[in-house]
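# Fold and contact review
If you want the building blocks of each chain, they are given just below.
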Amino acid sequence: MIRRRGYRFIAAAAAVCCSFEAATKLTAVCAFAPPSSSSSAAAAFLSSRKDALSSPPWLPTSMKTMKPGTSIGQSMSMLPSTLMAMEEPANSILYTILHTPTLWSVLAMTSIVALLVVWEETIHNIRQNTPKAIVPVIDSMLAEVGGLGFIGLFLSTVVTGGPLGKIIAILSEDYLGDEELLLEAFEFLHTFFFEVGILFFVVVGVTVGAVLEEVNKLEEISELALDADGDGEVTLDELAEALNVTSMIVDTDGDGILSDEEKIEALKSATSSNNFIDTIIQEKSMTEVERAGECLVARERILGQFPLPQAFEIEAYFEKIFGENLEETVELSPVTWLPLIPLIALENSVDLSRDVVSASSSNAFESCGYFFATPWVFYPTIFFQGLSLTWALFNYWKMASIKKMLLPTLVTDGVNGEAALLPPRYTIDEIRKDFNSSPSIFAWGEQFFTGGGAKTSPPRNAHEELFGAVGTKFEHVYRDSIRFSSWLCVALIVYSTTQIVFRDMEALYLHANVGNPEGLVPELIMWIIFTASAVFQLSLAPTTFLNFCFVTSVEEYVRRDIVMEVLQEEDLEDCIVSSAIDPATLEMETQEAG
């Protein structure tokens, strides 16, 4: 309420200032006129004072600089069309107000204040209506906007309009041939960084929103698609029927009891291939019901590990896991920008070498076609695009393949038709030793970027053996890997579309003269393909992030502190056996999480 009253006060003060200045001007004019009730007399007086009022302050500049001999019709044509309709502009209050400099100064400042008000109200409403897990995205976005705002202030006060401006201009003149080119490049790159940062947070928000939507649908899917008898509880038989699981003979001796040996043999038979392409296709084609089934299978496994009440909500557990990982994912450091420098510098050099700053420059079409025709720009771009695609696909495949090893296997006994929940594949030594999540060159890359990987940080249990060459650093390294991969995709999309694709499309539409006509169409086609590839990579991000959270929160990585939080929120903490969660273990895990 106080804030809104302040806004009204500012608006009223601005109106008073404008009215006061306009009234002052009208009073100053009328003060020279003799007292008379005749408007014609006043007009005659004003015309006799044409020397004193030949250039009044309220006239447009074009009228003040008329050459001698300019006709009245020519002078009137210099006025805006809205003012030409006025019969007596010199005596019009509206005309005087519109030509008051204070009015336009107030309007400019009011517009800025209005934008700040819209920004403040928008952030306030978003915070009020945003799930708790997405709040870190908003906080990081505000911090990034503040950092980029500081850079803009520094550039305007110190570089472009400050003491370094002359130095930058001299360097630009000596090495680029235009003293303004480097200064304008600073402004363009700062704007580009700002666009990439904001779009990254938008993408992260959409990603997490999609993940949370899947989690929130879990209970609904369980009730509608999996709970066949409607008793509010999904049994293994109902789950097996809904998911059309594999039917096999598990109870080989027919004694009605599944021994560990029988489960192991059945699990070996049910183990599927870890082929790169097959795993990606299988994961990409999963339905919502199948994902809900995975979570419920994981819930059964957790209930088997800990004596938790049947009312334990697995979706609440995973939602907290997502929120915690999200807070780490959206934290950006200045180092994050470093991988963008080589690619952006190469492509921006095509513009700078032709005295073009960006796609918004007046001579921007001079660079069209040269992004494709310049080998030392085009081939590195293909390399970066291939690297980005491989990186995103590998992240996707690694998370999906580890998840398959950690999930219990649900099968139907071919003899009695009963559903059986087999232990996760990783618990079988023979299957675990054959599994490799770091094939060929990827193992070298993981060891290189982690300072030795599993050699310096060996796995502490069978769960961590699934992480491959990265060792115990998996959680930290692959959270950053997903973040940087998404960051690179966003940067590629922003630059490719705003600086190349849209420019080439505009040149084709306008039939404009371009720098390299022969390379224009191939360039447009290739960069559209690059953009589509980056969009596809971003489409993998929600599932990659979902699976990452899964593999770091089940089996040996079950977060006991978060389990207790969920139970406390559901008022179920008294239903758990006191020995189920060791206090010392809980305290240690809480400290590690913090």
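These figures come from a predicted structure and were not determined experimentally.

The next point concerns the nonpolar core. Of all hydrophobic cores here, the largest spans 88 residues; its most connected members are Val196, Phe312, Tyr317 and Phe474. For this core, the secondary structure elements donating two or more residues are α10 (181-226), α14 (288-305), α15 (314-329), α16 (340-352), α18 (375-406), α22 (474-510), α23 (517-551) and α24 (560-569). No other element matches α22, which puts 14 residues into this core. Of all hydrophobic cores here, the second largest spans five residues; its members include Phe365, Cys368, Ala507 and Val514.

What follows deals with the environment of Leu538. Locating Leu538 in the fold gives a position in helix α23. For Leu538, a relative accessible area of 15% corresponds to the buried category. As for Leu538 and Val203, which are separated by 335 residues in sequence, their C-alpha atoms are 8.1 Å apart. Other than its neighbours up to four places away in sequence, Leu538 contacts Val203, Ser486, Cys489, Val490 and Ile493.

Once that is clear, we can look at the packing of α15 against α24. The N-to-C vectors of α15 and α24 enclose an angle of 125 degrees; their axes lie 9 Å apart at closest approach. With respect to their mutual orientation, α15 and α24 come out oblique. Crossing handedness for the pair α15 and α24: right-handed. Of α24, the residues touching α15 (which contributes Ala316, Tyr317, Lys320, Ile321 and Glu324) are Ile562, Val563, Glu565, Val566 and Glu569.

Our next topic: the packing of aromatic side chains. Taken as a whole, this structure holds 21 aromatic pairs when the rule is applied. Each ring, one from Phe276 and one from Trp397, has its centre 5.6 Å from the other, and the planes form 35 degrees; the classification is tilted. With Phe276 in helix α13 (residues 276-284) and Trp397 in helix α18, the pair connects residues that are 121 residues apart, well separated along the chain. The class for Trp397 is buried, based on a relative accessible area of 3%. Aromatic ring contacts, followed pair by pair, group Phe371, Phe372, Phe378, Tyr379, Trp527 and Phe530 into a single cluster. The ring centre of Tyr370 lies 3.6 Å from the NZ or CZ of Arg354, which sits over that ring. Over the face of the ring belonging to Phe484 we find Arg483, whose NZ or CZ atom lies 5.4 Å from the ring centre.

Another point: helix α9 (residues 163-176). Think of an α-helix as turning once every 3.6 residues; residues three or four places apart then point the same way. With 14 residues, α9 should reach 20 Å at 1.5 Å per residue; the first-to-last C-alpha distance of 20 Å fits that figure. Along α9, the residues that are buried comprise Gly165, Ile168, Ala169 and Ser172. Taken around the axis of α9, the buried residues stretch over an arc of 105 degrees, which confines them to a single face. Among the exposed residues of α9, those pointing more than 90 degrees away from its buried face are Pro163, Lys166, Ile170, Asp174 and Tyr175.

With that settled, the discussion passes to the side chain of Glu347. Along the chain, Glu347 turns up in helix α16. Nearest to the buried, unbridged Glu347 among oppositely charged side chains is Arg503, at 8.6 Å. In contact with Glu347, other than residues within four places in its own chain, are Phe371, Val377, Thr381, Tyr495, Ile500 and Trp527.

Backbone geometry at Asp355 places phi at a positive 60 degrees, although glycine is not the residue there. Structurally, Asp355 can be placed in the loop between α16 and α17 (370-373). Located in the positive-phi region is His511, a residue other than glycine, with phi close to 55 degrees. Looking at the element boundaries, His511 is found in the loop between α22 and α23.

On the surface, Glu173, Asp174, Glu179, Glu180, Glu184 and Glu187 cluster together to form a negatively charged patch. Secondary-structure elements contributing two or more residues to the negative patch are α9 and α10. Positionally, Asp174 belongs in helix α9. Under the relative-accessibility criterion, Asp174 is labelled exposed at 55%.

Here Thr544 shows up in helix α23. Residue contacts for Thr544: discarding those within four places in its chain leaves Asn395, Tyr396, Met399 and Ile482.

Looking now at the environment of Glu347. Its relative accessible area of 2% is what places Glu347 among the buried residues. For the pair Glu347 and Ser496, spaced 149 residues apart in sequence, the C-alpha to C-alpha distance is 9.6 Å.

For the pair α14 and α15, interaxial distance at closest approach is 10 Å and the crossing angle is 100 degrees. Judged by the inter-axis angle, α14 sits roughly perpendicular to α15. For the pair α14 and α15, the contacting residues are Cys295, Arg299 and Ile302 in the first and Ile314, Tyr317 and Phe318 in the second.

Criteria and thresholds
Residues numbered from 1 in each chain as written. Predicted model: local features only at pLDDT ≥ 70, side-chain atom pairs only at ≥ 80, totals over all residues. Heavy atoms only, no water. Core = buried A, V, L, I, M, F, W, Y, C linked by side-chain atoms within 4.5 Å. Buried < 20%, exposed > 50% of the residue type's maximum accessible area, 1.4 Å probe, protein only. Helix = DSSP H or I, 4+ residues; strand = E, 2+ residues; numbered from the N terminus. Contact = heavy atoms within 4.5 Å. Axes fitted to C-alpha atoms, helices over the stretch in contact; angles between N-to-C directions. Parallel < 35°, antiparallel > 145°, perpendicular 65-115°, else oblique. Left-handed = near helix turned anticlockwise from the far one by under 90°. Phe/Tyr/Trp six-rings, centres within 6.5 Å; stacked < 30°, edge-to-face > 60°. Lys NZ or Arg CZ within 6 Å of the ring centre and 35° of its normal. Expected span 1.5 Å × (residues − 1). Arc of directions from axis to C-beta. Lys, Arg positive; Asp, Glu negative; His and termini not counted. Salt bridge = Lys/Arg side-chain N within 4 Å of Asp/Glu carboxyl O. Patch = residues over 30% accessible without salt bridge, like charges linked within 9 Å, V, L, I, M, F, W, Y side chains within 5 Å. Areas by Shrake-Rupley, 256 points an atom, 1.4 Å probe, with all protein chains shown as cover. Charge placed at Lys NZ, Arg CZ, Asp CG, Glu CD.

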